[in-house]
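# Summary of structural features
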Amino acid sequence: MYVGALTLDILLGDVHSLKQKRGVVRPIVAEVQRRFPSVAVAETGHLDLHRRAEIGIAVVSASAGNCGEVMDACERLVAYRPDIELLSARQRLYNDED
C-alpha cells in the first residue's frame, strides 16, 4: 500500500478578504474532489491570510506509480487555473514500511 501526499502552495489573485478567499478556494477543492473522487482534499494552511492558500491532497493506492500519476494530474488541474498562481508543489510518497 502506498500513500501519496501533495501539498500545493497557492497565491490568489485579486482577493481582499477571507470571504473572497473562500469563494476562490472552495471551487478549487470541489473541482479536485469531483474530478478525482478517490482522493481526499482540503485547505490545510495559511488559513488566516487572504491572498495565500495551502491545499493538501492525499491518495491511497496499491502502486507507487498510480499514486504519482494521480498527484501529477491533481497538480496540473490546479496549476492551470487562471485565477491563481501555484507557488510550489511538494509530493511525498509513503509505503507501509515507513
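Located above this text is the structure these notes cover.
Worth saying up front: this structure is predicted, and the values here are computed from it rather than measured.

The rules we used
- Residues numbered from 1 in each chain as written.
- Predicted model: local features only at pLDDT ≥ 70, side-chain atom pairs only at ≥ 80, totals over all residues.
- Heavy atoms only, no water.
- Helix = DSSP H or I, 4+ residues; strand = E, 2+ residues; numbered from the N terminus.
- Rg over C-alpha atoms; globule rule 2.2 N^0.38 Å.
- Salt bridge = Lys/Arg side-chain N within 4 Å of Asp/Glu carboxyl O.
- Buried < 20%, exposed > 50% of the residue type's maximum accessible area, 1.4 Å probe, protein only.
- Disulfide = S-S within 2.5 Å.
- Expected span 1.5 Å × (residues − 1).
- Contact = heavy atoms within 4.5 Å.

## Remarks on the overall build of the protein
A count of helices and strands for the protein gives two helices and four strands. Each helix (α) and strand (β) of the protein, taken in turn from the N terminus, gives the series β-α-β-β-α-β. The globule rule puts the C-alpha radius of gyration for 98 residues at 13 Å, and the 14 Å found for the protein is close to it. Projected onto its principal axes, the C-alpha positions of the protein cover 45 × 25 × 20 Å.

## Digging into the pattern of salt bridges
The final tally for this structure, using the stated rule, is four salt bridges. A salt bridge links Asp9 to Arg52, with the shortest nitrogen-to-oxygen separation between them at 2.5 Å. Here the residue Asp9 occupies a position in strand β1 (residues 2-12), and Arg52 occupies one in strand β3 (residues 52-61), the gap between them amounting to 43 residues. When its relative accessible area of 13% is taken as the criterion, Asp9 is described as buried. Judged by its relative accessible area of 26%, Arg52 is partly exposed. The shortest N-O distance in the salt bridge between Lys21 and Glu43 comes to 3.2 Å.

## Some points on the state of the cysteines
Enumeration over the complete set of coordinates arrives at zero disulfides. Free cysteine Cys67: the closest other cysteine sulfur is in Cys74, separated by 11 Å. In this structure Cys67 comes out as buried when scored by relative accessible area, which is 0%. For Cys74, a relative accessible area of 0% puts it in the buried group.

## Section: helix α1 (residues 18-35)
Between the first and last C-alpha of α1 there are 26 Å, a value that for 18 residues agrees with the 26 Å anticipated at 1.5 Å per step. For α1, the set of buried residues is Lys21, Val24, Val25, Ile28, Val29 and Val32. Buried residues in α1 make contact with β1, β2 (40-45), β3, α2 (64-79) and β4 (84-95).

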